[in-house]
Amino acid sequence: MEFEEYLKKQKQLNEIRRLLKKIGTIKDCSHPTKEDCRLPIKNAHSLQRQGSLKYLEKNKNGNAFVYCHKDREYNREHNFLDLKPIGRQDASTFFGFCEFHDTEVFKIIENNPEATDINNDEHCFLHTYRSFSHSYHIKYEEMKIFTSKDLEIKSALSKAFGEDIVPMLSGIQMALSDFEIPKKRLDELLVDKKFSELNYLCFQIPYRCPVACSGVSTPGHFINNDPFNLSTDLSYTYSDIFTTVLPLKDRTVIILASFLDDEKANRYLDEFENIKYELEFQKYLSFHIINNVQNTFISPLFYDKKNLLWKKNYCKLLDFIASSSTPFISFNKHFPINYFSPTEKI
């Protein structure tokens, strides 16, 4: 694709994101006990606004900002689609919980973000539940956009995707169908307070890393590059990996989770845990995030110090991964991105 065509496509995608915020927003509490809901539906953060996102910020001319992988803008000086600065108040938000549930359910991890303890299953579960809730909610907003009768939305979708709209809608519908199973199970665990009924793999790095993310994904390969979650069989059951990364004041918390009875997902986490060398672990964790978790934020303190070629290649990699026409990429030890190196701490 020529750059001019590519730039046009990105502008069309930006327009769809604008419409998603304007028209596609869904306000609905994700908590299963709807009878306890108390309005309003809050514009909740999937990551702590006063914790992780605050620590990623850079201040320039009195404006504090972070970068999100999904938000892009044209860099006129260097002729490429760069990362777009966004304010913390707009980062990682979704109208997914009411005032009561957003406050009561998550208060143990939200009132004091520094209190997050990777040895506390309730803490790990609540971060996992919120990560999943964001992914689940955003997918329903995508569904609302793709099934909208609004002429402005239909025109924007047609310009951006053309004949690909039908298979893309089918993919969204399949994803939502797949999400209903973990949604029901996580809701039951939440209500019954069975916080230990997930398999957690948690790490704590003794310095602040320049990345934060939350979400659920279905990785395409195991660490040794065996196929994982790659199937054309419509009856195939996908395995979920829940991922949360939280940079805090003087440490970084990583919480990976899966269902206890999901053998494939547990194999993925076991292989993760058994990576022998620290550098390989850091690079694979970076690869896992950039390849699987859309709801990812990086610090300008990390990105802005990189040279122009590195930035262009980074953004090209994001575009390649995001494209529906490109295959899953697999890991190799020469992967060039490492958010967790001590040299990248912020």
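Residues numbered from 1 in each chain as written. Predicted model: local features only at pLDDT ≥ 70, side-chain atom pairs only at ≥ 80, totals over all residues. Heavy atoms only, no water.

Novice: Before we move on, could you go through the overall build of the protein chain and cite the residues and values that matter?
Specialist: Secondary structure assignment for the protein chain yields ten helices and ten strands. Taken over C-alpha atoms, the radius of gyration comes to 20 Å for the protein chain, in line with the 20 Å a tight globule of 346 residues would show. Seen through its principal axes, the protein chain has C-alpha atoms that stretch 50 × 50 × 50 Å. The buried share of the protein chain, taken over its 346 residues, is 53%. Within the protein chain, residue pairs in contact and separated by at least 24 positions form 76% of the contacts whose partners lie at least 6 positions apart. For the protein chain, the accessible area works out to roughly 17,000 Å², and carbon and sulfur atoms hold 50% of it. In the protein chain, 46 positive and 48 negative side-chain charges are present, and the distance between their average locations comes to 7 Å. (Helix = DSSP H or I, 4+ residues; strand = E, 2+ residues; numbered from the N terminus. Rg over C-alpha atoms; globule rule 2.2 N^0.38 Å. Buried < 20%, exposed > 50% of the residue type's maximum accessible area, 1.4 Å probe, protein only. Contact = heavy atoms within 4.5 Å. Areas by Shrake-Rupley, 256 points an atom, 1.4 Å probe, with all protein chains shown as cover. Lys, Arg positive; Asp, Glu negative; His and termini not counted. Charge placed at Lys NZ, Arg CZ, Asp CG, Glu CD.)

Novice: Tell me about the pattern of salt bridges, and name the residues and values.
Specialist: Inspection of the entire model under this criterion finds 13 salt bridges. A salt bridge links D102 to K42; the shortest N-O distance between them is 3.2 Å. With a gap of 60 residues between them, D102 in helix α3 (residues 99-110) and K42 in strand β1 (residues 41-45) connect regions that are remote in the sequence. By relative accessible area, D102 is classed as buried at 12%. Taking relative accessible area as the criterion, K42 reaches 26% and is therefore assigned partly exposed. Note that D187 and K183 form a salt bridge whose closest N and O atoms lie 3.2 Å from each other. Of the two residues, D187 and K183 both sit in helix α6 (residues 165-191), four residues apart, roughly one turn of that helix. (Salt bridge = Lys/Arg side-chain N within 4 Å of Asp/Glu carboxyl O.)

Novice: Give a description of helix α8 (residues 278-292) that names residues and reports values.
Specialist: Between its terminal C-alpha atoms α8 stretches 21 Å, which fits the 21 Å expected from 15 residues at 1.5 Å a residue. When we look at burial in α8, the residues that qualify are F281, Q282, K283, Y284, L285, S286, F287, H288, I289, I290, N291 and N292. (Expected span 1.5 Å × (residues − 1).)

Novice: Break down unusual backbone geometry for me, citing the residues and quoting the values.
Specialist: The step from L39 to P40 runs through a cis peptide bond, and the omega angle for that step is 5°. If you trace the backbone, P40 turns up in the loop between α1 (3-22) and β1. A positive phi is found at N225, a non-glycine position, where the angle reads about 75°. Looking at where N225 falls in the secondary structure, it is placed in the loop between β7 (211-217) and β8 (241-247).

Novice: Tell me about the environment of D150, and name the residues and values.
Specialist: Along the polypeptide, D150 turns up in the loop between α4 (121-146) and α5 (151-161). Between the C-alpha atom of D150 and that of E273, which follows or precedes it by 123 residues, the distance is 48 Å.

Novice: Residue-level account of the packing of aromatic side chains, with values.
Specialist: For any pair of aromatic rings, the description rests on two quantities: the centre-to-centre distance and the angle between the ring planes. For the structure on display, the rule yields 32 aromatic pairs. With centroids separated by 5.7 Å and ring planes inclined at 85°, the aromatic side chains of F302 and W310 adopt a geometry described as edge-to-face. One aromatic cluster in this structure is built from F203, F222, F228, Y268, F272, F281, Y284, F287, F331 and F335. Taking NZ or CZ as reference, K54 lies 5.3 Å from the ring centre of Y55, over its face. The ring of Y136 carries the charged tip of K183 above its face, separated from the ring centre by 5.3 Å. (Phe/Tyr/Trp six-rings, centres within 6.5 Å; stacked < 30°, edge-to-face > 60°. Lys NZ or Arg CZ within 6 Å of the ring centre and 35° of its normal.)

Novice: Give me the lowdown on the packing of α3 against α4, citing residues and values where you can.
Specialist: Where α3 meets α4, the closest approach of the two axes is 9 Å, and the angle between their N-to-C directions is 120°. Classified by the angle between their axes, α3 and α4 sit oblique to one another. Relative to α4, α3 is oriented so that their crossing is left-handed. Contacts between α3 and α4 involve V105, F106, I108, I109 and E110 from the former and E122, H123, L126, H127, Y129 and R130 from the latter. Its residues placed into classes, the contact of α3 with α4 shows six nonpolar, two polar and three charged. (Axes fitted to C-alpha atoms, helices over the stretch in contact; angles between N-to-C directions. Parallel < 35°, antiparallel > 145°, perpendicular 65-115°, else oblique. Left-handed = near helix turned anticlockwise from the far one by under 90°. Nonpolar A, V, L, I, M, F, W, Y, C, P; charged D, E, K, R; others polar.)

Novice: Give a detailed account of the nonpolar core, specifying residues and quantitative values.
Specialist: Counting residues in hydrophobic clusters, the biggest one holds 44 residues, and the most contacted among them are F272, I298, Y303, Y314, Y339 and F340. Residue contacts for F272: discarding those within four places in its chain leaves L201, I223, L256, F281, Y284, L285 and H288. A44, V66, C68 and L198 belong to the second-largest nonpolar core, a separate cluster that totals 41 residues. (Core = buried A, V, L, I, M, F, W, Y, C linked by side-chain atoms within 4.5 Å.)

Novice: Outline the environment of D261, supporting the account with residue identities and numerical values.
Specialist: With respect to the element layout, D261 can be found in the loop between β9 (252-259) and α7 (263-273). C-alpha of D261 to C-alpha of L198: the two residues are 63 residues apart in sequence and 8.9 Å apart in space. Setting aside chain neighbours within four positions, we find D261 in contact with R185 and N266.

Novice: Give a detailed account of α3, specifying residues and quantitative values.
Specialist: Relative to the 16 Å expected for twelve residues at 1.5 Å per residue, α3 spans just 14 Å between its end C-alpha atoms, considerably shorter than the ideal helical length. In the core, the buried residues of α3 are packed alongside β1, β5 (93-98), α4 and α6.

Novice: Got a sec to walk through the pairing of β9? Specific residues and values, please.
Specialist: Among the eight residues that make up β9, eight are buried, leaving the element largely enclosed by the rest of the structure. Burial of β9 is two-sided: the residues T252, I254, L256 and S258 facing one way and the residues V253, I255, A257 and F259 facing the other way are all buried. Strand direction decides the pairing type here: strand β6 (residues 198-205) and β9, joined by eight bridges, are antiparallel. Note that in β9 the partner of Q204 across the bridge is V253. As paired strands, β8 and β9 are joined by six bridges and run antiparallel to one another. (Pairing = 2+ DSSP bridges.)

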